[in-house]
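Spelled out, the chains give:
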Amino acid sequence: MIPKIRNIMYATDLSKNSAYALAFAVDFARTHDAKIVILHAIEPFPAIVNIQGDREIEKQSYKKETERAEEGIKTHIDATCKKIEKQIGAPCTALVSKVLTPVGHPVEEILVNADAEECDIIVVGSHGKGFLKQTFLGSVSHAVLQRSRKPVFVVPVPSSIPGWD
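Model, not experiment: these values are computed from the prediction. Within any chain, residue numbers begin from 1 and follow the written order of that chain's sequence. With pLDDT at 70 or above as the cut-off, local features in this predicted model cover only qualifying residues; side-chain atom pairs require 80 or more to be listed or tallied, and sums for whole chains, interfaces and linings still use all residues. In computing side-chain values, all of the structure's heavy atoms are included and hydrogens and water are not.

## A word on the packing of aromatic side chains
Pairing of aromatic rings covers Phe, Tyr and the six-membered ring of Trp, with a centre-to-centre limit of 6.5 Å; geometry is then stacked below 30 degrees between planes, edge-to-face above 60, and tilted otherwise. Throughout the structure, instances matching the rule amount to 3 aromatic pairs. Centroid distance Tyr-20 to Phe-24: 5.5 Å. Interplanar angle 75°. Geometry classified as edge-to-face. With Tyr-20 and Phe-24 both in helix α1 (residues 16–32), this residue pair falls 4 residues apart, about one helical turn. Exposed residues in this analysis have more than 50% of their type's maximum accessible area, buried residues have under 20%, and partly exposed residues fall in between, with area computed by a 1.4 Å probe over protein chains only. A relative accessible area of 17% means that Tyr-20 is categorised as buried. For the ring pair Phe-28 and Phe-153, a centre distance of 5.0 Å and an interplane angle of 85° mean the geometry is edge-to-face. You can see Phe-28 sitting in helix α1 and its partner Phe-153 sitting in strand β5 (residues 152–156), a full 125 residues away along the chain. Phe-28 sits in the buried class, given a relative accessible area of 19%. Owing to a relative accessible area of 29%, Phe-153 belongs among the partly exposed residues under this scheme. Runs of H or I in DSSP of at least four residues are treated as helices and runs of E of at least two as strands, each being numbered from the N terminus.

Here is the structure:
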């Protein structure tokens, strides 16, 4: 039996490419009467910074980066939802139940938070282009696809997106 989809993890790097994947997360949410959990992982500082750096400066830096990410997500959601609503008429922002901006490696954060938030499916965009397609899919989306025990919906970005320019 296929489990009911109640919660959808939508992972974003805040790019135009990942914005396109949000349309699919919204469509899943509408179809299954589900909610969307949005996640944008903030990359940690390299280990050398942690060893030689000042902890207070590091904390302030993460605080600023988290605030910038949260503002970026709000802008990302608002702009993308306007485009989605023009095309499919869904009340897009009402489907978002939570926005997460953890500090950590994106793959780990997507997998850990998808479990913690009891998400039933993960939606991610793919940045593959031309002959480098395999290389780029081999990054975050590929690693999530390989390691997840949940269904993963990878959205390849077409060369042009009507109504998204």
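## A look at the side chain of Glu-109
In this fold, Glu-109 is placed in helix α4 (residues 106–116). A residue counts as positive if it is Lys or Arg and as negative if it is Asp or Glu; His and the chain ends are not included. The term salt bridge refers to a side-chain nitrogen of Lys or Arg lying within 4 Å of a carboxyl oxygen of Asp or Glu. Within the buried core, Glu-109 has no salt-bridge partner, and the shortest N-O distance to an opposite charge, that of Arg-147, equals 11 Å. With residues up to four places along the chain from it excluded, the contact list for Glu-109 reads Leu-39, Ala-41, Pro-102, Val-103, Gly-104 and Ala-114. The criterion used for residue contact is that any of the two residues' heavy atoms lie within 4.5 Å.

## Examining α1
One fewer than the residue count of a helix, multiplied by 1.5 Å, yields its expected span. Under the 1.5 Å per step criterion, the end-to-end length of α1 is 25 Å for 17 residues, consistent within 8% with the ideal 24 Å. The complete set of buried residues in α1 reads Asn-17, Ser-18, Ala-19, Tyr-20, Ala-21, Leu-22, Ala-23, Ala-25, Val-26, Phe-28 and Ala-29.

## So, the nonpolar core
Side-chain atoms within 4.5 Å link the members of a nonpolar core, which is a set of buried Ala, Val, Leu, Ile, Met, Phe, Trp, Tyr and Cys residues. One finds Ile-8, Tyr-10, Ala-25, Val-26, Ile-36 and Val-123 to be the most contacted residues of the largest nonpolar core, which totals 23 residues. Counting only elements with at least two residues in this core, the list comes to β1 (7–11), α1, β2 (35–39), α3 (55–88) and β4 (121–126). Discounting residues that sit within four places of it in the chain, Tyr-10 has contacts with Ser-18, Ala-19, Ala-21, Leu-22, Ala-25, Ile-36, Val-37, Ile-38, Leu-39, His-76 and Val-123. Core analysis: the second largest hydrophobic core is formed by 15 residues, Leu-39, Leu-100, Ile-122 and Val-144 among them.

## Quick word on the side chain of Asn-113
Among the secondary structure elements, Asn-113 is positioned in helix α4. As used in this structure description, the phrase polar contact means that two N or O atoms lie within 3.5 Å; if the pair is within protein, one of them must be able to donate a hydrogen and the other to accept it, and residues adjacent in sequence are counted only when both atoms belong to side chains. A polar contact is formed between the side chain of Asn-113 and the backbone oxygen of Glu-109, at a distance of 2.9 Å. Among residues more than four places away in sequence, those in contact with Asn-113 are Met-9, Leu-39, Leu-100 and Pro-102.

## Notes on the pairing of β4
The element β4 is largely enclosed, with a buried count of 6 among its 6 residues. Every second residue of β4 is oriented toward a common face, with Ile-121, Val-123 and Gly-125 on one face and Ile-122, Val-124 and Ser-126 on the other, all of them buried. When β1 meets β4, the two strands line up parallel, connected through 3 bridges. Bridged to Met-9 within β4 is Ile-122. Pairing geometry for β4 and β5, over 5 bridges, is parallel. Across the sheet, the residue bridging to Ser-126 is Pro-156, located in β5. The pairing criterion for strands is at least two bridges between them, as found by DSSP.

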